[in-house]
Amino acid sequence: MTGGKRSFPVWKKLVFAGAVCALVLGGLNLGWNTNTFGPDELCHGLLPAGEMERALGRSGRLESDDYKNAPGKGDVEFRCSVRQTSKLLGRKDAEVRIGAYQERADFAFTSAAWRAPARMSYISGPATGAVSDSTGWVMLPESCWGKSGDSPLTEKPPVYVIEASATGAGMKQRELARMLVKAADAVSQRAGCAPGHAATDPEPLPAASVRPMDSAKVCGIPGLALDVSGDTAKGRPVERARSLSARTEPVWACDLLLGEKRVPYASFAVVRDKRMTSAISQSLAHRSPDAGVMAPCGGRNTYFTMKAGAGYSIVAKGSGTRLPDEKTLFKTFVDAAKKQLGCGTSAP
């Protein structure tokens, strides 16, 4: 045996260095591109981080900025913003804003914030709401309405919904619906106004498909005609809708567009979801909302509404034909839709 220092073969040194490098890189990957070392709960503890990751359809580091006070006894309102970051090449950071907001009962079909009702995929039953690939909402149980008084809205009763919107990344609709329902359940329990929704894995109905518009049978409804020929015809009038029938889903909507990606110049909706019609009926009793009419159809309360924005007047001016005013168009829609559903005619 000879003295001196024992040396390791070069290949062993390389293996050791590689192992150290892998551990360092693995740790950095976990810290930068996953939420392994991030928070387990987000938004005042209302949302498990895993639900947010599933909704975004990708992993990343999550951080939550919680605004306002957390919901508590007798108060459902909250606001928060969740950021998902990653160091992966080409990956954009995502931000999801979520909160409980007071809305008028028919907000989903009249508000400028939800400007394309037929683009949404609706959920109904134990939970009521709608989702797209970038935004969504779920209505809180009726026993939770009016549980916070710091909103200036005078709607009677004040309807509360959990709303979410994403920027920088798309969202998976089913997972977004699940996340919103879980948030609504947590808020309801904290506020002490309801045990929450029974459905934790709702299945959104598919959104309506885009098809060429038949000016003699708009939205597939006989008796609803709308001429947008002339100069605007080069914009390719299309509609986003399903067929309207007595067996239709709890929410039917139709958007009219000039080109698939443009904001609708008019939208129609027929609502038969019980939670929504209950809220709307109570609001109508207080002379609000003023954008629709409620009628019994087949033993079910049915709400007919229409939204025509500034785009409608632009289309009217450029079409070269005389389009009806909004009041006339709405009456024509209600009469035709009622007939299609077999529930009589006449609209105010």
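To be clear, the structure that these remarks concern was listed above.
So, here is what we can say about the structure in this document. (Residues numbered from 1 in each chain as written. Predicted model: local features only at pLDDT ≥ 70, side-chain atom pairs only at ≥ 80, totals over all residues. Heavy atoms only, no water.)

With that out of the way, let us pick up the overall build of the protein. The secondary structure content of the protein amounts to seven helices and 15 strands. Burial analysis of the protein (348 residues in total) assigns 47% to the buried set. The long-range fraction of contacts in the protein, counting pairs at least 24 apart against all pairs at least 6 apart in sequence, stands at 62%. (Helix = DSSP H or I, 4+ residues; strand = E, 2+ residues; numbered from the N terminus. Buried < 20%, exposed > 50% of the residue type's maximum accessible area, 1.4 Å probe, protein only. Contact = heavy atoms within 4.5 Å.)

Met52, Ile98 and Ile162 are the most contacted members of the largest nonpolar core, which has 41 residues in total. Secondary-structure elements contributing two or more residues to this core are helix H2 (49-56), strand E4 (78-85), strand E5 (94-103), strand E9 (159-167) and helix H4 (173-191). Ranked by residues supplied to this core, first place goes to H4 with ten residues. Contact partners of Ile162, with chain neighbours within four places excluded, come to Phe78, Ile98, Gly99, Ala100, Gly136, Trp137, Val138, Leu140, Leu180, Ala183, Ala184 and Val187. (Core = buried A, V, L, I, M, F, W, Y, C linked by side-chain atoms within 4.5 Å.)

Taken as a whole and assessed by the stated rule, the structure comprises eleven salt bridges. With a closest N to O distance of 3.4 Å, Glu95 and Arg97 form a salt bridge. The class of Glu95 is partly exposed, set by a relative accessible area of 23%. For the salt bridge of Asp335 with Lys331, the shortest nitrogen-to-oxygen distance reads 2.9 Å. Placement of both Asp335 and Lys331 in helix H7 (residues 326-341) is noted, with a separation of four residues, approximately one turn of the helix. (Salt bridge = Lys/Arg side-chain N within 4 Å of Asp/Glu carboxyl O.)

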